[in-house]
Structure formats: structure tokens, C-alpha cells
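# Chain and residue survey
One letter stands for each residue in the lines below.
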Amino acid sequence: MAATVEELYRNYGILADAKEDLSKHKDAYQVILDGVKGGPKEKRLAAQFIPKFFSSFPEMADAAINAQLDLCEDEDVSIRRQAIKELPRFAAGENLPRVADILTQLLQTDDSAEFNQVNGALISIFKIDSRGTLGGLFSQILQGEDVVRERAIKFLSTKMKTMPDETMTKEVEDYIFIETKKVLEDVTGEEFVLLMRVLSGLKCLQTVSGRQQLVELVVEQAFLEQALNPTDTDGVDRLLQCTRQALPLFSKNVHSTRFVTYFCEHVLPNLSMLTCPVAQLDIQLEVLKLLAEMSPFCGDMDKLEANLMMLFEKLLEFMPLPPEEENGENAVSEEPKLQFSYVECLLFSFHQLGKKLPDFLIDKINAERLKDFKIRLQYFARGLQVYIRQLRVALQGKTGDALKTEENKIKVVALKITNNINVLIKDLFHNPPSYKSSVTLSWKPVQKTEAPVVLGQKRPSGEDMPTGKKVSPLPRRDARQIYNPPSGKYSATIGNFSYEQRGGFRGGRTRGFGGRGNRSRGRIY
């Protein structure tokens with residue numbers, strides 16, 4: 001039978017006056033619990049009164065939590081918010097994991113204010129008992145409805161980094177790592193990215209061994225033991241996502257060897273056949289950029305010569321021979337287009353791996369092929385000089401906002417690309433070929449240690465000056481002027497260069513990574 005407002009206030013008074021004898025007044029507390037069966041006024045009072053005396057009636061804990069839970073699901077949003085606001089007061093002892101589980105399920109609300117309240121309540125009980133709260137969250141991630149699972153994972157990925165250090169003990173972090181590995185056994189691409197963000201933020205995984213553990217997790221997800229089907233969109237997407245997640249983990253002590261090897265053995269041979277998982281993404285350039293970024297961190301490689309040969313062959317595909325002389329039937333109407341973005345990536349990767357086998361171009365390539373390669377290099381470099389001059393003229397005098405237009409942004413990046421290629425080609429033209437020069441990939445931020453700008457000592461290159469007066473770099477004193485720009489037209493584009501920040505999946509939730517099935521468990525509080 002529903003209690004009235006008057007009855008609720010009367011029994012509240014009994015309990016408030018009882019002080020130490022509260023346990024003798026179960027009947028009074030039961031009347032308050034019955035308030036959830038009344039109208040809006042009774043429910044609002046019940047939402048406040050039930051938690052106030054909850055700790056005094058442990059034998060009625062289940063009934064009290066269920067009563068409050070009924071209010072959390074009321075049709076009146078104001079009642080729901082009041083009930084949710086009070087839920088952390090039930091989070092004591094063995095009840096905390098259950099409250100965490102309930103709050104996690106309540107994340108599925110579509111009301112923004114209510115959603116924020118649930119988030120706040122979860123954070124509140126996390127500070128009381130982080131391990132118990134995580135138990136409730138992971139319970140729903142592993143067994144709950146898809147929408148609850150999705151929002152619980154997002155909660156972890158956004159809120160863990162904001163938690164006080166005293167709550168994130170080594171024991172707690174170890175628990176997160178263990179439970180996350182269970183979740184990773186069956187995830188979608190978006191979930192994988194978010195969970196890697198959670199793990200990457202754990203203090204216990206900031207060491208070399210910790211980062212190596214993360215790389216091992218990514219390797220498992222990437223299926224590097226399987227051959228790549230270039231027409232399988234999900235398979236290609238999986239590889240791209242895993243590589244992107246692994247990239248920030250690589251260093252001189254955490255090697256990228258398995259990924260670089262896989263790209264050389266399985267991806268490069270199928271480069272032209274790769275199926276793009278995302279509209280308007282140049283999949284070939286994306287793959288080559290990832291390979292270039294990984295190559296500096298490659299360790300000892302079992303099939304180094306074979307992989308260098310694959311890079312060499314692929315580089316030749318993007319470095320055309322000069323057109324035949326214009327004489328009669330052999331006359332050509334157009335100069336070959338130079339694909340600068342592709343060549344920057346391939347040349348950089350070849351240069352990085354070439355350091356490990358510096359005699360490759362001397363001992364492993366026959367004289368005729370080496371001659372052909374140098375002809376291609378020289379022709380490319382001649383076109384490069386023309387393009388570099390055109391870019392410098394176009395950017396001459398541009399300062400401030402003028403450099404921020406889309407057109408000029410592209411030109412600045414184009415100048416970085418062409419300068420990089422120029423440096424690498426000069427290295428390979430040494431006799432014997434040199435692998436000593438260091439460049440920063442055009443889409444990466446310039447490292448201050450690599451490009452110091454000291455007034456009065458060094459003239460900065462144009463692409464390193466987003467503001468201020470444009471200065472055309474002077475040639476280095478030891479730079480050999482061995483290329484003369486040819487006549488004819490060169491590609492005025494830099495290739496399909498994308499400024500888009502590489503990130504997560506751009507599709508539905510079941511894009512590979514296990515393709516989790518739909519669940520329909522209903523309420524399982």
C-alpha cells in the first residue's frame with residue numbers, strides 16, 4: 001500500500017528522533033520504502049528519505065536498493081535525477097559493486113542532464129572504492145547490452161585519466177589491465193581504439209616492458225600471423241587501426257620489426273589492390289605513411305635483404321624514367337607526373353632500412369639496375385628542383401594569415417615533402433650511398449633538436465616559418481649542384497595529401513574485430 005506525504009513525514013520524524021534506537025523501527029522505514037508506490041510528491045520524498053536511513057537497516061538493504069532503483073526508472077525525469085543523485089549513498093561495503101553495476105546500466109539514458117548525473121555518481125563512488133566500481137563497469141562491458149557496453153568503455157577512456165592518483169593504485173591498474181585483456185578478446189574497431197587509450201594511460205605501462213606488453217596486445221589484434229587479403233575491407237581496416245595504435249608505443253627500445261616486416265612481405269606486394277575501408281582516403285598513401293613512421297624503430301630483421309628489395313622495387317614503380325628524346329615517332333606529348341608524397345614515404349623507409357644493410361645498392365643490385373635506378377633518381381631530382389623553386393616563389397613574402405589559407409598550407413607541406421626527397425636522393429647519390437642524413441617526415445611536427453633556428457647563425461627554411469618574413473634558404477656550402485631543371489611540365493600537385501587526423505573507425509560497430517553479436521538481456525540489476 002502506498003504511503004501518503006503525511007505518513008512519510010511522520011515516519012521520517014520517528015526515525016530522525018530515534019537516534020541510537022533506529023533498528024527498532026523497521027516498520028517506519030518500511031513505510032518510507034512504500035513511498036515509491038505513491039504519486040510524484042511521495043516519490044521525491046522517498047528518493048531523499050530512503051538513502052538517509054539506509055545504513056541503519058542492513059537486513060533491508062536489498063529492498064531499499066530495489067526501491068531506489070524503481071525511482072531511477074520512473075517516467076518523471078526529475079524523480080529519476082533525484083534518485084540517481086542519491087545512489088552513491090548506497091555504495092558501502094558489499095553493496096558498492098552492485099551500485100556500480102546499476103549506475104553503469106543507467107548510462108544508456110538519452111537525457112543529457114541525467115547522463116551527466118550518472119557520470120558524476122560513478123566518479124563519486126570510484127573515489128570511495130575504485131576496485132569495486134571497476135568491477136561493476138567491467139561486468140556490464142563483458143555481459144551487458146551493446147549501448148551500455150559502448151558507454152561504459154567510453155566512460156573508462158575519458159574518466160580514468162582524471163581520477164586522483166591515490167585511487168589509481170598499482171593493484172587497481174593491474175585489475176584494469178587484466179579485465180581489459182578479457183574485453184579485447186571480442187571487440188569492434190572503435191572499442192579497440194578506446195580500450196588502448198585506457199591502457200596507454202596507465203602508469204604501470206609507461207615503462208619499456210609495459211609498452212612492450214601493449215605492443216603484444218596490438219599484435220594479437222592485428223593477426224600478423226595471417227596473410228593479408230587486400231580485397232577484405234575489414235581486414236585492411238583492422239591492420240590500419242592496429243598499426244595506428246602501435247605507432248606511439250614504438251621507440252629505440254620497443255621495436256616495430258614485426259609490423260614493418262608484415263608491411264614489406266604482405267602489404268607492399270598488394271599495394272595497388274588494397275580495398276579502401278573509408279571513402280575519400282588514399283589507401284596507398286595511408287599505408288606508405290604508416291610504414292615510413294614505423295621504419296626508424298625497426299630492429300634486427302630476419303629477411304632484411306628481401307624486404308629491402310621489395311621496397312626498392314616499389315620505389316621504382318613511383319620513380320619514372322625520363323621521357324625519350326623528341327625525335328620522330330618517339331616524341332612524347334607529356335612529361336611523367338611525379339608522385340612526391342608516395343616517393344617521400346618509400347624513399348624514407350628505404351633509407352631507414354638501408355642503414356642496416358649499407359652495401360645493398362652496391363652488392364645486391366646488379367650494375368645495370370643500379371644505373372637504371374640512378375637515372376630515375378636524377379630525373380626525379382631535376383623535376384624536384386623545378387617544383388621547389390616554384391613553391392618558394394609562390395610563398396615568397398607570405399606572412400601571418402596569408403600562410404594559413406588552404407592553398408598556402410598545401411604549398412608549405414609540398415615544400416617540406418620536396419626538400420625531404422631532395423636530401424634523401426643526395427644521400428643515395430654518394431659513392432658509396434650514404435644513409436647519414438636525417439629528415440622529419442612532412443606530416444610530422446619538426447623536432448626542435450633537428451632544426452634549431454638561431455638568429456644570426458642559421459637562415460631558416462621557408463617551410464619552418466609559419467609567420468614572419470619568408471626567406472629562401474641558401475644552399476649549403478658543401479651541397480653539390482649536380483641537377484639542372486629540364487624543360488617541360490611537372491605535376492603541379494603534391495598527390496592526395498590529407499590533413500585529416502588519423503583516428504578511429506568511420507563506420508558501424510560491427511566492422512571486424514570480432515563483430516560482436518547483438519545482446520538482448522533486459523534488466524539484470
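Per an unreviewed UniProt entry, the recorded name for the protein is Apoptosis inhibitor 5, and the organism is Electrophorus electricus. Taken from UniProt, the Subcellular location (unreviewed entry) comment for the protein reads in full: "Nucleus". Recorded in UniProt for the protein, the comment headed Sequence similarities (unreviewed entry) runs: "Belongs to the API5 family."

Direction vectors running N to C along helix α3 (residues 40-52) and helix α5 (residues 77-86) enclose 5°, while the axes themselves pass 9 Å from each other. Taken together, the axis directions place α3 and α5 in an arrangement best described as roughly parallel. Residue-level inspection shows Pro-40, Lys-43, Arg-44, Ala-47, Gln-48 and Pro-51 of α3 in contact with α5, the latter providing Ser-78, Ile-79, Gln-82, Ala-83 and Glu-86. When grouped by side-chain class, the residues that make up the contact of α3 with α5 number five nonpolar, three polar and three charged.

So, about the pattern of salt bridges. Considering all chains together, one arrives at 25 salt bridges under this definition. Its salt-bridge partner being Asp-76, residue Arg-44 comes within 3.3 Å of it at the nearest N-O pair. A residue pair is termed long-range when its members are at least 10 positions apart, and Arg-44 in helix α3 and Asp-76 in the loop between α4 (61-72) and α5 qualify at 32 residues. The exposure class assigned to Arg-44 is partly exposed, which follows from its relative accessible area of 33%. The class of Asp-76 is partly exposed, set by a relative accessible area of 24%. Glu-173 serves as the salt-bridge partner of Lys-203, at 3.6 Å between the closest nitrogen and oxygen. On the criterion of sequence distance, the pair formed by Lys-203 in the loop between α11 (189-200) and α12 (208-222) and Glu-173 in helix α10 (residues 170-183) is long-range, its members being 30 residues apart. Among the charged side chains, a network of salt bridges with common partners joins Glu-150, Lys-154 and Glu-190.

Bringing the confidence of the model for the protein into the picture now. Model confidence for the protein is summarised by a mean pLDDT of 84, while 83% of its residues fall at 70 or above. This model gives residues 449-512 a pLDDT under 50, and the stretch forms 130 contacts once residues within four places in sequence are excluded. Low pLDDT (under 50) marks residues 517-525, which in the prediction has 24 contacts with non-local residues, meaning those over four places away or in another chain.

Looking now at the environment of Cys-298. By secondary structure assignment, the location of Cys-298 is in the loop between α15 (283-294) and α16 (304-317). Of the residues examined, Cys-298 reaches a relative accessible area of 5% and is grouped as buried. Along the backbone, Cys-298 and Phe-250 are 48 residues apart, and their C-alpha atoms lie at a distance of 8.8 Å.

Cut-offs used in this document
- Residues numbered from 1 in each chain as written.
- Predicted model: local features only at pLDDT ≥ 70, side-chain atom pairs only at ≥ 80, totals over all residues.
- Heavy atoms only, no water.
- UniProt positions renumbered as here; feature names shortened; annotations may be inferred.
- Axes fitted to C-alpha atoms, helices over the stretch in contact; angles between N-to-C directions.
- Helix = DSSP H or I, 4+ residues; strand = E, 2+ residues; numbered from the N terminus.
- Parallel < 35°, antiparallel > 145°, perpendicular 65-115°, else oblique.
- Contact = heavy atoms within 4.5 Å.
- Nonpolar A, V, L, I, M, F, W, Y, C, P; charged D, E, K, R; others polar.
- Salt bridge = Lys/Arg side-chain N within 4 Å of Asp/Glu carboxyl O.
- Buried < 20%, exposed > 50% of the residue type's maximum accessible area, 1.4 Å probe, protein only.
- pLDDT = per-residue confidence, 0-100.

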